[in-house]
Amino acid sequence: MSVRQAPGHQQGAPERSMGDDSDVEEEALANDYREQVDYDGEDYGLDRQMSLGGGPQDLHAQLVAAAQPLEYQATLETKIQSYDSYCNLFHFILNSEGPVDIEVPSHYWAWDVIDEFIYQFNSFCSYRQRIAFQQSTTAVNEDEVAILRENPSVWGCYSVLNVLYSLIQKSQISEQLAATKRGEDGKQYAGEYGSRPLYQMLGYFSIIGLLRVHCLLGDFSLALKTLDDIELNKRAMFARVMAANFTTYYYVGFSYMMMHRYADALRMFNHILIYVSRTKNFQKNAQYDSISKKNDQMLALVAICVSFSPTRLDDTIHTALREKYGEQLTRMQRGGPESLPLFEELFRQACPKFISPTPPDFENPQINIDPVEHQLSIFMEEVKNNMWSPTVRSYLKLYTTMDLTKLAGFLDVDADTLRSWLLVNKQRSRQVRYAEGGLLEGDVVNSSDLDYAMQGDIIHVSEAKVGRKLVDWYLRNLARTY
Amino acid sequence: MGFAFDVAPDRPENIDTILNGLDRYNPETTGLFQEYVSQQCENQTYDCYANLALLKLYQFNPDRTRDETVTNILVKALTVFPSPDFNLGLSLLPPHVVAQTRLSSASGGPASGTLAEAVQHLTKLHHQLVNASYTAFWSTLDSDDLYADLVADVQGFEELMRVRIAVVVSQCMQEVQRDVLESWLNVSGEKFERFVREVCGWKIDGQTVKVPENKENSAQGTVVRETVKFEQFGRMVKRAYEQPA
């Protein structure tokens with residue numbers, strides 16, 4: 001079904017039809033909207049009046065439509081309408097008397113709905129922020145500004161979070177997952193709602209959705225905390241839907257990276273990238289196309305993390321990385337001020353489109369800075385602090401003992417600066433790394449193969465030599481001979 | 001040494017309940033969190049996870065923001081450098097505040113008395129700390145009255161910083177020259193000796209300070225061997241049964 005028609009169906013209200021574009025209609029629409037917004041201030045917009053005329057046929061169409069992406073060219077009105085229909089749908093699912101008895105169109109439907117819901121929220125917020133910022137410098141569509149100004153609560157952060165949390169609570173999915181983790185049967189805790197696939201799936205994917213929203217808002221620790229009940233492994237429910245699997249690992253990895261846990265971030269990216277490369281032949285083409293962009297983004301993040309915390313990568317990923325970002329990687333690993341623009345470029349390319357939780361300030365356009373720039377600047381501080389580490393490491397690798405002043409001479413810096421670099425590098429090599437338990441837990445370990453200690457001005461260097469890893473190679477070749 | 005970001009040993013129960021429930025989004029709880037931050041400042045305890053929750057509340061309800069609490073949280077985060085806490089805090093601040101901190105002083109910098117000005121000053125301190133420029137850190141701290149104001153609420157800030165720096169030193173050094181350590185810790189003479197002996201438990205031998213050997217500063221070479229688990233061969237064994245010769 002075409003997206004243009006969808007809203008008309010969903011509202012079940014004739015005056016909302018998009019077929020008729022007359023000004024009167026639009027005016028009516030805007031008024032209707034304002035009323036609703038005012039009316040539901042308290043409930044963060046979830047508690048809408050809805051008319052669900054039309055019977056099961058309509059409902060099914062509504063379910064299908066909710067999982068459909070909006071057209072690329074969709075107008076602002078369409079986007080706002082789409083928000084309305086989501087609110088109606090979720091209100092119907094959550095606030096009807098007793099659980100709604102509907103059949104889920106497909107097994108990945110729940111993921112698609114949550115995914116699309118957050119995607120639209122994300123792009124709407126970015127768009128609104130951009131318009132508000134551009135007001136000051138370029139001519140923008142005044143009508144759009146006016147609509148955005150008057151509807152500050154459309155796609156509001158609170159209402160999106162409210163939907164996700166409500167779905168999680170209704171389905172008692174956290175209790176179910178916690179029980180499964182303890183080795184009990186999750187079904188006992190499912191309750192009236194959670195035992196139905198519709199609620200269970202929506203609840204489950206809402207957890208992944210929360211991970212994503214928290215990350216978009218820049219709250220990386222809370223993002224990881226959200227996944228406390230979900231075990232990251234191949235048997236997890238999200239792993240059955242490719243896009244969900246992919247998204248989960250991307251956001252977990254990214255959050256780890258922002259918490260300076262590069263080894264953990266790499267572990268996440270590695271896992272999913274290997275998985276994709278091994279299964280790409282089985283993926284349907286359309287699905288594969290959509291993840292191939294994310295795939296490149298993750299490779300860029302791998303390049304960043306590897307430059308921070310040199311590690312041996314899996315062969316498949318190493319090859320892909322060389323192919324895609326070989327040049328950049330070499331220069332990033334060399335460090336120094338020349339590497340900074342590369343870090344910036346890759347971060348920009350690979351980061352999620354961060355958003356701000358509050359509507360922009362249309363009165364003061366210049367303060368509506370793009371949240372992506374904000375996170376980038378914070379990240380770049382970290383890169384700058386670390387930029388001499390590769391230089392220090394490359395020299396230390398050559399010696400077992402070295403005089404500080406002599407090395408300072410080689411590097412053309414004074415002894416105090418070098419001493420600081422050594423301290424910085426040493427601290428950076430100690431990272432929190434996941435061992436077991438929640439994603440936020442971990443042990444402080446030495447993540448570098450190079451270690452050193454200073455005795456006055458003498459640097460003692462030691463290296464952890466890694467024995468050859470044969471098992472993986474052996475198994476892979478053995479599998480081939482069968 | 002296990003570490004969990006979301007756990008703080010001294011966290012009161014009511015705060016814990018809020019953090020694990022939906023009340024963490026309730027603007028009414030800002031008061032409680034603010035009080036908790038002042039407690040942390042007074043008792044020298046620290047709970048980053050709860051402080052970030054407060055910054056998140058400010059992020060959602062900018063009108064409730066209390067600049068003083070924001071700066072206190074950031075100063076507390078300084079005391080645990082080089083952890084990412086300071087940056088995680090910045091991530092939750094309004095973008096325009098952090099953007100103003102990058103205005104050069106040539107163009108006037110952020111207006112005096114604003115949150116942006118305070119954040120800019122603290123960012124400078126943070127930058128010097130994570131870059132291990134401790135001597136510069138102390139002189140920056142002394143350079144402006146604003147710094148004294150910012151750290152005033154945090155009890156024992158200087159002592160906490162000295163201990164943190166000493167921890168870094170103990171990880172990297174077996175011996176360190178006395179004058180170097182004096183400038184890093186910003187103490188000298190008898191006070192220095194007392195700090196090194198009593199707080200750190202190190203020995204002073206003429207012009208060098210000896211740090212006892214620990215796991216981090218011994219720099220022993222190791223060989224990492226592959227650990228092979230039987231499960232890795234599971235699939236192979238299974239195949240062997242399925243396809244006899």
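The name that an unreviewed UniProt entry assigns to chain B is Eukaryotic translation initiation factor 3 subunit K, with the source organism given as Saxophila tyrrhenica. The record held by UniProt for chain B lists under Subunit (unreviewed entry) the comment "Component of the eukaryotic translation initiation factor 3 (eIF-3) complex." Of the comments in the UniProt record for chain B, the one headed Subcellular location (unreviewed entry) reads "Cytoplasm".

The name recorded for chain A in an unreviewed UniProt entry is Eukaryotic translation initiation factor 3 subunit L, from Saxophila tyrrhenica. Quoted straight from UniProt, the Sequence similarities (unreviewed entry) entry for chain A says "Belongs to the eIF-3 subunit L family."

Here we take up the UniProt feature "transmembrane region" (unreviewed entry) in chain A. Here the UniProt-annotated "transmembrane region" (unreviewed entry) positions come out as residues 202-224 and 236-259 of chain A. With 71% helix and 0% strand, residues 236-259 of chain A has end C-alpha atoms that lie 24 Å from one another.

This part is about the packing of aromatic side chains. Summed over all chains, the structure comprises 29 aromatic pairs over all chains. Ring centres of phenylalanine 117 of chain A and tryptophan 155 of chain A lie 5.5 Å apart, and the angle between their planes is 45°; this geometry places the pair in the tilted category. Taken together, the positions of phenylalanine 117 of chain A in helix H5 (residues 109-134) and tryptophan 155 of chain A in the loop between helix H6 (142-150) and helix H7 (157-171) put the pair 38 residues apart, joining distant regions of the chain. Both residues of the pair, phenylalanine 117 of chain A and tryptophan 155 of chain A, count as buried. Ring pairs connect the aromatic residues Phe220, Tyr250, Tyr251, Phe254, Tyr262, Phe308, Phe343, Phe347, Phe354 and Phe379 of chain A, which therefore count as one cluster. Cation over ring: lysine 79 of chain A sits above tyrosine 127 of chain A, and NZ or CZ is 4.4 Å from the ring centre. Its guanidinium or amino end placed over the ring of phenylalanine 81 of chain B, arginine 164 of chain B lies 5.6 Å from that ring's centre, counting from NZ or CZ.

Below, the discussion takes up the environment of aspartate 84 of chain A. Among the secondary structure elements, aspartate 84 of chain A is positioned in helix H4 (residues 76-95). Between the C-alpha atoms of aspartate 84 of chain A and leucine 439 of chain A, which are 355 residues apart in sequence, the distance is 35 Å.

All names here are of chain A. Compared with an ideal rise of 1.5 Å per residue, which puts 15 residues at 21 Å, helix H20 (residues 415-429) spans 21 Å between its outermost C-alpha atoms and is within 8% of the ideal. The element H20 is largely enclosed, with a buried count of twelve among its 15 residues. For H20, the set of buried residues is Leu418, Arg419, Ser420, Trp421, Leu422, Leu423, Val424, Asn425, Lys426, Gln427, Arg428 and Ser429.

Further remarks concern the interface of chain B and chain A. Listed as interface residues are 65 residues of chain B and, on the opposing side, 67 residues of chain A. Interface area lost by chain B to chain A is led by Phe60, Cys172 and Glu226 of chain B, which between them contribute 10%. If you look at where chain B meets chain A, you find two salt bridges. Linking chain B with chain A are 23 residue pairs in polar contact (both at pLDDT 80 or more). When grouped by side-chain class, the residues that make up the side of chain B that touches chain A number 38 nonpolar, 19 polar and eight charged. Judged from the three bridges that link them, strand S5 (residues 458-466) of chain A and strand S5 (residues 222-224) of chain B form a sheet pairing that is parallel. By the bridge assignment, valine 466 of chain A is partnered in S5 of chain B with valine 224 of chain B.

Our focus in this paragraph is the pairing of S5 of chain A. Residue and element names in this part refer to chain A. Taken together, the three bridges between strand S1 (residues 401-403) and S5 define a ladder with antiparallel strand orientation. Residue pairing for S5: methionine 402 is matched across the bridge by isoleucine 459. The sheet contact formed by strand S4 (residues 450-455) and S5 spans six bridges and is antiparallel. Opposite tyrosine 452, over in S5, you have valine 461 as the bridge partner. Between S4 and the antiparallel strand that follows it, S5, lie two residues; glycine 456 among them carries a positive phi value of about 60°.

Cut-offs and rules
- Residues numbered from 1 in each chain as written.
- Chains lettered and ligands numbered in written order.
- Predicted model: local features only at pLDDT ≥ 70, side-chain atom pairs only at ≥ 80, totals over all residues.
- Heavy atoms only, no water.
- UniProt positions renumbered as here; feature names shortened; annotations may be inferred.
- Helix = DSSP H or I, 4+ residues; strand = E, 2+ residues; numbered from the N terminus.
- Phe/Tyr/Trp six-rings, centres within 6.5 Å; stacked < 30°, edge-to-face > 60°.
- Buried < 20%, exposed > 50% of the residue type's maximum accessible area, 1.4 Å probe, protein only.
- Lys NZ or Arg CZ within 6 Å of the ring centre and 35° of its normal.
- Expected span 1.5 Å × (residues − 1).
- Contact = heavy atoms within 4.5 Å.
- Buried area = accessible area lost by both parts, 1.4 Å probe.
- Salt bridge = Lys/Arg side-chain N within 4 Å of Asp/Glu carboxyl O.
- Polar contact = N/O pair within 3.5 Å; in protein donor to acceptor, adjacent residues only side chain to side chain.
- Nonpolar A, V, L, I, M, F, W, Y, C, P; charged D, E, K, R; others polar.
- Pairing = 2+ DSSP bridges.

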